[in-house]
Amino acid sequence: MVVIPVLCPLCDHDNVVKRGKTENDKQRYLCQNQECSAKTFILDYDYRGQLPEVKKKIIDMAMNGSGIRDTARVLEISPSTVISELKKKESSLEQINHSVLARLAPENIAVVIQKVEDAEVDEMWSYIHSKENQRWLWNAIDHDTGEVLAYVFGDRKDAVFLKLKALLEPFGITRFYTDDWGAYGRHIPAEQHVVGKRNTQKIERKYLTPRTRIKRLARKTICFSKLIQMHDIVIGLFINRYEFGVLV
């Protein structure tokens, strides 16, 4: 008699129990590892788009220059599956770098460390469906370390900058480096505001990476976002993964 162990496809844990059957009479399993995000799974899916490893590749390809149809062709699944899987990640995205905040919390400081005092703030242009429908990514980074602190999406108006400024309040920033866009001068006290490209080189360089690796942000291309939701999700996933260190 041969016994084949059943392992969770996400965490490879063997603490797995049977959990009923599907409508197609296939055995369903439940991973009992408390740290695993998997709910239930089966071993032999009829459709490739249901495989955990394929779902992971959907996110990985979106972060590495592949569009919706590129991903669908390579993984041999439908474009609607790609879109659906990306949309599932929306609720888990964070707009603020909590790992940096955690280091600044007094109860977590064992020695004296350098707090976030100076921040670079800037906005990156993109568009939805046509260049008339502009969509701006506003973000701020630590001037010393280059770490992204927070970000928001919207148009290029004061109200959007104020949303970003509110997210930055817990960091205790005392000096802002920006370009000469009017929203900054209207809402940052003069004694805390330094205008000029000389001090925003790090954040300008930050934009090169997503423009290279996210297909919908590449310049001189026929690729573009058709929906605000998908646009914000893909860029938000990139920032969460590569800037915040959050694997969603």
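Quick note: structure is the one above.
Residues numbered from 1 in each chain as written. Predicted model: local features only at pLDDT ≥ 70, side-chain atom pairs only at ≥ 80, totals over all residues. Heavy atoms only, no water.

Q: Got a minute to help me understand the overall build of the protein chain in this structure?
A: Helix and strand counts for the protein chain stand at eight helices and eight strands. Along the longest, intermediate and shortest principal axes, the C-alpha atoms of the protein chain span 75 × 50 × 25 Å. Looking at the protein chain residue by residue over its 248 residues, the buried ones come to 42%. Taking the intrachain contacts of the protein chain between residues at least 6 apart in sequence as the baseline, contacts between residues at least 24 apart amount to 51%. Of the roughly 14400 Å² of accessible surface on the protein chain, 51% is carried by carbon and sulfur atoms. Both charge centroids of the protein chain, one from 38 positive and one from 33 negative side chains, sit 6 Å from each other. (Helix = DSSP H or I, 4+ residues; strand = E, 2+ residues; numbered from the N terminus. Buried < 20%, exposed > 50% of the residue type's maximum accessible area, 1.4 Å probe, protein only. Contact = heavy atoms within 4.5 Å. Areas by Shrake-Rupley, 256 points an atom, 1.4 Å probe, with all protein chains shown as cover. Lys, Arg positive; Asp, Glu negative; His and termini not counted. Charge placed at Lys NZ, Arg CZ, Asp CG, Glu CD.)

Q: Please explain unusual backbone geometry as it appears in this structure.
A: Negative phi characterises most residues that are not glycine, and trans characterises most peptide bonds. At aspartate 12, a position not held by glycine, the phi torsion is positive, near 60°. Along the chain, aspartate 12 falls in the segment before β1 (16-21). If you check the backbone angles, histidine 129 has positive phi at about 70° while not being a glycine. Residue position: histidine 129 is located in the loop between β4 (118-128) and β5 (130-142). Judged by relative accessible area, histidine 129 falls into the partly exposed class, the value being 47%.

Q: Teacher, can you tell me more about the pattern of salt bridges here?
A: Working definition: two side chains of opposite charge can pair if their charged atoms are close together. Scanning all chains against the criterion turns up 14 salt bridges. Of the charged contacts in the structure, one is a salt bridge between lysine 21 and aspartate 25, with a shortest N-O distance of 3.9 Å. Among the residues examined, lysine 21 registers a relative accessible area of 47% and is labelled partly exposed. What makes aspartate 25 exposed here is its relative accessible area of 55%. Across the pair lysine 88 and glutamate 85 runs a salt bridge, and its minimum N-O distance is 3.5 Å. Taking relative accessible area as the criterion, glutamate 85 reaches 9% and is therefore assigned buried. Connected through shared salt-bridge partners, Lys56, Asp60 and Arg241 make up one network. (Salt bridge = Lys/Arg side-chain N within 4 Å of Asp/Glu carboxyl O.)

Q: Mind showing me how you'd approach the nonpolar core here?
A: Taken as a class, soluble globular proteins show a tendency for nonpolar side chains to be buried jointly. Core analysis: the largest hydrophobic core is formed by 32 residues, its most contacted members being Ile58, Val82, Leu86, Leu137, Ile235, Leu237 and Ile239. Mapped by element, the contributors of at least two residues to this core are α1 (52-62), α2 (68-75), α3 (79-87), β5, β6 (148-154), α7 (201-213) and α8 (228-242). When residues of this core are assigned to their parent elements, the largest contribution, seven residues, is made by α8. Excluding anything up to four places from it in sequence, leucine 137 contacts Asp122, Glu123, Met124, Tyr151, Val152, Phe153, Tyr207, Ile235 and Ile239. Ile96, Val116, Val152 and Phe171 belong to the second largest nonpolar core, which has 22 residues in total. (Core = buried A, V, L, I, M, F, W, Y, C linked by side-chain atoms within 4.5 Å.)

Q: Mind showing me how you'd approach the sheet that holds strand β7 (residues 175-178) here?
A: Each strand in a sheet pairs with another by means of backbone hydrogen bonds, the pair being arranged parallel or else antiparallel. With mixed pairing, the five strands of this open sheet are ordered in space as β6-β5-β4-β7-β8. Among the strands making up the open sheet, the edge pair consists of β6 and β8 (193-195). The mean inter-strand angle of the sheet, taken between neighbouring strand axes irrespective of direction, is 25°. Strands in contact with α7 are β4, β5 and β6; relative to β4, the strand with the most contacts, it is inclined by about 35°. (Pairing = 2+ DSSP bridges. Axes fitted to C-alpha atoms, helices over the stretch in contact; angles between N-to-C directions.)

Q: Could you clarify how one ought to interpret the pairing of β7 in this entry?
A: Note on strand geometry: in a regular strand, side chains alternate between the two faces of the sheet. Where β4 meets β7, three bridges bridge the pair, whose relative direction is parallel. Within the sheet, the bridge partner assigned to alanine 119 lies in β7 and is phenylalanine 176. As paired elements, β7 and β8 share three bridges and run parallel to each other. Paired with threonine 178 across the strands is valine 195, a residue of β8. In terms of handedness, the path from β7 via helix α6 (residues 182-187) over to β8 forms a crossover that is right-handed. (Right-handed = clockwise from strand over helix to strand, strands pointing away.)

Q: How do you make sense of the packing of α3 against α8 when you look at a structure like this?
A: The angle between the axes and the distance between the axes are what describe a pair of packed helices. For the pair α3 and α8, the least separation of the axes is 10 Å and the interaxial angle reads 65°. Relative to α8, the crossing made by α3 is left-handed. Residue-level contacts link Ile83, Leu86 and Lys87 of α3 to Gln229, Met230, Ile233, Val234 and Leu237 of α8. Considering only residue class, the contact of α3 with α8 consists of six nonpolar, one polar and one charged. (Left-handed = near helix turned anticlockwise from the far one by under 90°. Nonpolar A, V, L, I, M, F, W, Y, C, P; charged D, E, K, R; others polar.)

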